[in-house]
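Structure assessment
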Amino acid sequence: DSGSFVASNPGSLHEMASNLCRQLDVEDSVFVEPTSLLAIKNLSWLFRAIRHSPELCYREQDSPEDDGEIQKKDPCRWLMTRLSNIARPKDRRRRESVFKCFAAF
């Protein structure tokens, strides 16, 4: 629907995914389980939305010109890579959250 926030604001899916990843990218000492679960649920919805409409991840000036560029700038791949990088540090809760997120995808 063109009246929705996401459809009327190109780049909003990427911005939301980036902000939700920041919620998961915290040390164990400041980790909040309910916040993590909410981020995981929202990221699983965003992942489906991004896969269905990848063009909504790009601002108009950032939009890929052809299919070759879209494959290079695959937002689902970006999200999976971002989450993988979040899981690298040894904080147990952060890693568990990322694995839960992958399972939800």
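What this report covers is the structure whose coordinates are included nearby. Every value quoted in this text rests on a predicted model; they were computed, and no experiment measured them.

1. Points about the overall build of the chain
On a plain count of helices and strands, the chain comes out with 6 helices and 0 strands. Each helix and strand of the chain, placed in order from N terminus to C terminus, yields the pattern α-α-α-α-α-α. Counting the 105 residues in the chain, one finds 32% classified as buried. Nonlocal contacts in the chain, meaning residues at least 24 apart in sequence, comprise 66% of its contacts between residues at least 6 apart.

2. Let's talk about the nonpolar core
In a soluble, globular protein the nonpolar side chains are often hidden away together inside. Ranked by size, the top nonpolar core spans 22 residues in total, and within it L13, L43, L79 and L83 carry the most contacts. Those elements that provide at least two residues to this core are α2 (12–24), α3 (33–52), α5 (75–87) and α6 (92–104). Here the element with the most residues in this core is α3; it accounts for 7 residues. Setting aside residues no more than four positions away along its own chain, L79 makes contact with A17, C21, L43, F47 and F105.

3. Concerning the pattern of salt bridges
Where charged atoms from two side chains of opposite charge come close, those side chains can pair. A full pass over the atoms with the stated rule returns 5 salt bridges. Residue D25 is joined to R82 by a salt bridge in which the shortest nitrogen-to-oxygen separation is 3.3 Å. Highlighted residues: D25 in the loop between α2 and α3 and R82 in helix α5, separated in sequence by 57 residues. A salt bridge links D91 to R94; its shortest N-O distance comes to 2.4 Å. One salt-bridge network, in which partners are shared between bridges, spans D25, R82, D91 and R94.

4. Considering α3
With 20 residues, α3 ought to run about 28 Å at 1.5 Å a step, and its terminal C-alpha atoms sit 29 Å apart, in line with that. Every buried residue belonging to α3 is among S36, A39, I40, L43, S44, L46, F47, A49 and I50, and all of these are buried.

5. Structural notes on the packing of α3 against α5
Close contact between α3 and α5 brings their axes to 9 Å; oriented N to C, the two are set at 150°. Judged by the angle between their axes, α3 and α5 are roughly antiparallel. Between α3 and α5, the contacting residues are L43, F47, I50 and R51 on the first element and P75, C76, L79, M80 and L83 on the second. Its residues assigned to classes, the contact of α3 with α5 comprises 8 nonpolar, no polar and 1 charged.

What counts and how
Residue positions are given per chain, counting from 1 as you read along its sequence in written order. A pLDDT threshold of at least 70 governs which residues receive local features in this predicted model, and a stricter bar of 80 or more applies before side-chain atom pairs are shown or counted, although totals over entire chains, interfaces and linings include all residues. Excluded from the side-chain calculation are hydrogens and water; included are all heavy atoms of the structure. Helical segments are the DSSP runs of H or I of at least four residues, strand segments are the runs of E of at least two, and each set is numbered from the N terminus. Exposure categories follow from relative accessible area, calculated using a 1.4 Å probe and restricted to protein chains: below 20% of the type maximum is buried, above 50% is exposed, and the middle band is partly exposed. Any two residues whose heavy atoms approach within 4.5 Å are treated as being in contact. Put simply, buried Ala, Val, Leu, Ile, Met, Phe, Trp, Tyr and Cys residues joined by side-chain atoms within 4.5 Å make one nonpolar core. The working definition used for a salt bridge is a side-chain nitrogen of Lys or Arg within 4 Å of a carboxyl oxygen of Asp or Glu. Under the convention used throughout, the expected extent of a helix is 1.5 Å for every residue step, that is, one less than its residue count. The axes are straight lines fitted to the C-alpha atoms, using for helices just the contacting stretch, and the angles between their N-to-C directions are given from 0 to 180°. Geometric relationships in this document are graded by angle, where less than 35 degrees denotes roughly parallel, more than 145 denotes roughly antiparallel, 65 to 115 denotes roughly perpendicular, and other angles denote oblique. For this classification, Asp, Glu, Lys and Arg are treated as charged, while Ala, Val, Leu, Ile, Met, Phe, Trp, Tyr, Cys and Pro are nonpolar and the rest, including Gly, are polar.

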